[in-house]
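Chains, contacts and geometry: an overview
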Amino acid sequence: MPYIESHPRRVRGDAVHMTASEKKASEMAHNSEAGLNNPCIQVRIRSPANMDCSYELISEEARHKAIEEAFLTPEANHFISTPEVMEMENRLSLWLQAGYPVHLIGPTGCGKTSLAVHVAKGLGRPVVWINGDEAITTSDLIGGYSQMQSESVRDNYVHNVFKTKDTMKIEWVDNPLSLACKYGYTLIYNEFSRTKPASNNVLLSVFEEGILELPTKFGEDRYIKVHPDFKAILTSNSIEYAGIHRPQDALLDRMVGIYADYYGYETEVRIVMEHTEISQDKAEKIVQIIRSIREKLPDAQKPGTRACIMIAKGLQTLKDREDLAIDFKQLCIDVIANKTCSPRDMEEKKRLVMESAA
């Protein structure tokens with residue numbers, strides 16, 4: 001899995017060693033200070049083989065500013081605040097302020113990720129992001145050595161006298177967890193429970209002792225003291241969903257769990273209207289149908305608020321396409337058909353739509 005470029009610095013005597021992302025951030029910040037017309041630095045995801053280690057040193061303040069502007073996280077667009085949403089937001093903020101990581105658990109499409117991004121941005125610190133899945137390893141969280149570089153020097157300054165010097169350099173590249181721990185950023189670990197539990201063992205000492213261990217490093221570099229501004233928000237689907245791993249109890253004991261269920265009727269209507277600018281009567285009809293179907297399906301197949309938004313956007317598009325003979329019920333069927341496992345199951349979902357839309 002590719003690494004996010006990172007930015008630790010080491011000083012050894014008169015030599016300063018910086019990683020690949022620092023070079024990029026340094027160049028951009030230096031150009032900005034010089035008044036050059038360059039676009040804002042962007043997050044770059046690329047394979048370790050493409051990393052380089054040359055750089056231009058700039059001030060610490062300018063370098064950090066350029067690096068922090070580079071982090072890219074999903075935006076919580078169209079976020080709405082109702083008493084129900086604010087209650088969840090306040091609970092999440094309270095526990096983060098108390099110093100605990102928060103684990104948001106709930107069904108797919110209920111707004112966990114949007115809430116996590118919104119609260120994280122409100123903390124006023126840079127936000128780093130990672131998506132969990134089966135392939136995630138500890139290195140994907142903390143980073144690793146990206147490449148080895150060989151340098152050879154042949155000195156023929158004096159005639160018939162040769163000096164040879166071979167140097168091997170290895171470069172460490174940080175990933176989201178080590179960046180967040182080192183610089184006090186907020187970590188959003190989306191789909192946390194889709195990662196195999198063993199890969200998350202590194203979080204145990206982070207959440208309890210405030211120490212991040214980098215297993216492949218040596219000496220003092222092996223440990224990072226977690227920055228006091230470090231925060232972590234983790235999101236997971238409920239355990240009954242396919243592809244979900246139950247996190248180890250020792251890790252769950254170190255975080256606060258908040259169950260995020262589907263929002264109430266009024267909140268869902270407002271969310272649909274905010275995302276699509278559809279009329280209130282149409283938004284209410286869509287939400288009523290989806291909520292009716294939701295009550296009759298097993299947990300892993302329940303359509304979420306996202307399904308309401310999709311139907312509303314389809315309806316808006318259909319309004320501008322007079323050549324399409326597609327009715328509203330078919331739009332609803334198409335959206336909820338994505339969790340269908342057989343023709344018989346599809347017929348059952350069609351029946352539920354017809355009954356709910358009648």
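Where nonpolar side chains cluster on the molecular surface, the patch consists of Leu94, Trp95 and Tyr100 and spans about 300 Å² of accessible area. Classification of Trp95 as partly exposed rests on a relative accessible area of 33%.

Okay, the pattern of salt bridges next. For side chains of opposite charge, pairing can occur when their charged atoms come near one another. Under the counting rule described, the total for this entry stands at twelve salt bridges. One salt bridge in this structure joins Glu208 and Arg254, with 3.8 Å as the shortest N-O distance. Remark: Arg254 occurs in the loop between helix H8 (249-252) and strand S13 (256-259) and Glu208 occurs in helix H7 (residues 203-208); sequence separation between them is 46 residues. Salt-bridge contacts for Asp249 lead to Arg246; the nearest nitrogen and oxygen are separated by 2.8 Å. Note on Asp249: relative accessible area 43%, which makes it partly exposed. Note on Arg246: relative accessible area 54%, which makes it exposed.

Reading across from one edge, S6-S9-S12-S5-S13 is the order of the five strands in this open sheet, with parallel pairing throughout. A strand with exactly one partner marks an edge of an open sheet, and here the two such strands are strand S6 (127-131) and S13. Here the average twist between neighbouring strands, direction ignored, is 20 degrees. Two elements, S6 and strand S9 (residues 186-190), share five bridges in a ladder whose sense is parallel. When the sheet's bridge partners are listed, Ile130 is paired in S9 with Tyr189. Sheet contacts for helix H3 (residues 83-97): strand S5 (102-106), strand S12 (231-237) and S13; angle to S13, the most-contacted strand, approximately 175 degrees. Packing against the sheet, helix H4 (residues 112-122) makes contact with S5, S6, S9 and S12, and its axis sits at approximately 175 degrees to S12.

Turning next to the packing of helix H9 (residues 265-276) against helix H11 (residues 305-319). Between H9 and H11, the shortest axis-to-axis distance is 9 Å and the interhelical angle comes to 45 degrees. With respect to H11, the axis of H9 lies oblique. Crossing handedness for the pair H9 and H11: right-handed. Packed against H9, whose contacting residues are Glu268, Ile271, Val272, His275 and Thr276, the element H11 presents Thr305, Cys308, Ile309, Ala312, Lys313 and Gln316 at the interface. Grouping the amino acids of the contact of H9 with H11 by side-chain chemistry returns five nonpolar, four polar and two charged.

What follows is about the packing of aromatic side chains. Under the criterion given, the structure shown has three aromatic pairs. A ring pair is formed by Trp95 and Tyr100, whose centres lie 6.0 Å apart and whose planes are at 75 degrees; its orientation type is edge-to-face. Ring centres 5.2 Å apart and planes at 80 degrees place the aromatic pair Tyr189 and Phe192 in the edge-to-face group. Residues Tyr189 and Phe192 agree in their burial class; the two are buried. The ring of Tyr262 has Arg294 lying over it, and the distance from NZ or CZ to the ring centre is 4.0 Å.

Once that is clear, we can look at the pairing of S9. Burial of S9 is extensive: five of the five residues sit out of reach of the surface. Of the two faces of S9, both are covered, the one formed by Thr186, Ile188 and Asn190 as well as the one formed by Leu187 and Tyr189.

A few words now on the nonpolar core. In this structure, Val272 and Ile286 are the most contacted members of the largest nonpolar core, which totals 52 residues. If one sorts the elements of this core by residue count, H11 sits on top with seven residues. Sequence-distant contacts of Val272, defined by excluding residues within four places in its chain, comprise Glu277, Ile278, Ala283, Val287, Cys308, Ile309 and Ala312.

With that settled, consider the state of the cysteines. Note on terminology: disulfide describes a covalent bond linking the sulfur atoms of two cysteines. For the structure on display, the rule yields zero disulfides. Residue Cys308 stays outside any disulfide, its sulfur separated by 9.1 Å from that of Cys332, the closest cysteine.

Here the focus is the side chain of Lys231. As for its position among the elements, Lys231 is in strand S12. Comment: no salt bridge for buried Lys231; closest opposite-charge side chain is Asp229, at 5.2 Å.

Okay, helix H13 (residues 343-357) next. End to end, H13 covers 21 Å across 15 residues, agreeing with the expected 21 Å (1.5 Å per residue, within 8%). Every buried residue of H13 is accounted for by Asp345, Met346, Lys349, Leu352, Val353, Ser356 and Ala357. Down the axis of H13, the buried set is contained in an arc of 120 degrees. They therefore lie on one face. Among the exposed residues of H13, those oriented more than 90 degrees off its buried face are Pro343 and Arg344. Buried-residue contacts for H13 involve helix H10 (280-294) and helix H12 (328-336).

The rules behind the values
- Residues numbered from 1 in each chain as written.
- Predicted model: local features only at pLDDT ≥ 70, side-chain atom pairs only at ≥ 80, totals over all residues.
- Heavy atoms only, no water.
- Patch = residues over 30% accessible without salt bridge, like charges linked within 9 Å, V, L, I, M, F, W, Y side chains within 5 Å.
- Areas by Shrake-Rupley, 256 points an atom, 1.4 Å probe, with all protein chains shown as cover.
- Salt bridge = Lys/Arg side-chain N within 4 Å of Asp/Glu carboxyl O.
- Buried < 20%, exposed > 50% of the residue type's maximum accessible area, 1.4 Å probe, protein only.
- Helix = DSSP H or I, 4+ residues; strand = E, 2+ residues; numbered from the N terminus.
- Pairing = 2+ DSSP bridges.
- Axes fitted to C-alpha atoms, helices over the stretch in contact; angles between N-to-C directions.
- Contact = heavy atoms within 4.5 Å.
- Parallel < 35°, antiparallel > 145°, perpendicular 65-115°, else oblique.
- Left-handed = near helix turned anticlockwise from the far one by under 90°.
- Nonpolar A, V, L, I, M, F, W, Y, C, P; charged D, E, K, R; others polar.
- Phe/Tyr/Trp six-rings, centres within 6.5 Å; stacked < 30°, edge-to-face > 60°.
- Lys NZ or Arg CZ within 6 Å of the ring centre and 35° of its normal.
- Core = buried A, V, L, I, M, F, W, Y, C linked by side-chain atoms within 4.5 Å.
- Disulfide = S-S within 2.5 Å.
- Lys, Arg positive; Asp, Glu negative; His and termini not counted.
- Expected span 1.5 Å × (residues − 1).
- Arc of directions from axis to C-beta.

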